[in-house]
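Okay, here's what each chain looks like letter by letter:
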Amino acid sequence: ISLDFAPVVDVLTLEKNPAIGDMALSSAPETVATLGAAVIAALQSEGVAGCAKHFPGHGDTSVDSHHELPLVEHPPDRFDQIDFVPFRAAISAGVASIMVAHLLVPAFDEDVPASLSRRVVTTELRTRLGFENLILTDDIGMKACSARYPPPVAAVKAVAAGHDGVLLCDPDPGQQAAALEALVHALEDGTLPYAQV
């Protein structure tokens, strides 16, 4: 194993969260930050790349993004004070990657899920928080994403948003082939710039 999609650094501010639940380290931002950074240090000191997830914060959702698109209606300053605290700590700890969630967050983008939003991926995570390592999507086969955007469409949108990698866990290899083909076509027709791909 060279990459582990861990740790979960969502701050569990909704106790009955069906998606995060007992995967959460704590309901206190500073505790999540401290423990998350410790997990990252332990993994990466042994040669396993870590992945802090689920940006911009899946801890206050009442629906599971595996099944439907969660709506997170907090203002930007609430993200800064709570949800972004562990992500900043993860970045300071040198985490190898961050995974972006399928959440609709009107504070950043009213139209598309965070995972497909350039304003979330590039403006918030890459530029404002200064994250320079790998940015990965959550599984684009999850219903929060695939019910609105078929995986080939989502793959192109995700790369256009600024992701370095697109996760697609469908057991049918035809789905991965279709997503790769869509990326090739997007490159050929100029939808995606060559330098970004």
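Heads up: the structure comes first, above all this text.
Every value quoted in this text rests on a predicted model; they were computed, and no experiment measured them.

Reading the values: the criteria
Residues numbered from 1 in each chain as written. Predicted model: local features only at pLDDT ≥ 70, side-chain atom pairs only at ≥ 80, totals over all residues. Heavy atoms only, no water. Axes fitted to C-alpha atoms, helices over the stretch in contact; angles between N-to-C directions. Helix = DSSP H or I, 4+ residues; strand = E, 2+ residues; numbered from the N terminus. Parallel < 35°, antiparallel > 145°, perpendicular 65-115°, else oblique. Left-handed = near helix turned anticlockwise from the far one by under 90°. Contact = heavy atoms within 4.5 Å. Nonpolar A, V, L, I, M, F, W, Y, C, P; charged D, E, K, R; others polar. Buried < 20%, exposed > 50% of the residue type's maximum accessible area, 1.4 Å probe, protein only. Core = buried A, V, L, I, M, F, W, Y, C linked by side-chain atoms within 4.5 Å. Salt bridge = Lys/Arg side-chain N within 4 Å of Asp/Glu carboxyl O.

What to know about the packing of helix H5 (residues 151-161) against helix H6 (residues 173-188)
It is the contact of H5 with H6, at a shortest axis distance of 8 Å, that shows an interaxial angle of 50 degrees. For the element pair H5 / H6, the angle class is oblique. The two elements H5 and H6 cross, and the hand of that crossing is right-handed. Each of Pro 151, Pro 152, Ala 155, Val 156 and Val 159 in H5 lies in contact with H6, whose residues at this interface are Gln 175, Ala 178, Ala 179, Ala 182, Leu 183 and Ala 186. Along the lines of polarity and charge, the residues of the contact of H5 with H6 split into ten nonpolar, one polar and no charged.

Let's talk about the side chain of Asp 83
You can see Asp 83 is positioned in helix H2 (residues 76-92). In this structure Asp 83 touches Pro 56, Gly 57 and Arg 78, once residues within four positions along its chain are discounted.

Observations regarding H5
When we look at burial in H5, the residues that qualify are Pro 151, Ala 154, Ala 155, Val 156, Ala 158, Val 159 and Ala 161. Once H5 ends, the next one or two residues include Gly 162, with phi positive near 125 degrees.

Looking at the nonpolar core
When a protein is soluble and globular, its nonpolar side chains tend to lie buried together. In terms of nonpolar packing, the biggest core is built from 27 residues, with Ala 52, Phe 55, Val 95, Ile 98, Val 100, Leu 125 and Phe 131 touching the most fellow members. Of all elements in the fold, only helix H1 (29-45), strand S1 (51-55), H2, strand S2 (97-100) and helix H3 (118-128) reach the threshold of two or more residues within this core. Take this core: its biggest share by element is five residues, from H2. Counting residues in each nonpolar core, the second largest holds 16 residues, with Val 112, Leu 116, Ala 179 and Ala 186 among its members.

Here's the deal with the pattern of salt bridges
Taken as a whole and judged by the stated rule, the model has six salt bridges. Between Arg 88 and Asp 80 there is a salt bridge whose closest N-O contact spans 2.6 Å. By relative accessible area, Arg 88 is classed as partly exposed at 32%.

The values reported here are purely geometric and, on their own, carry no functional implication.
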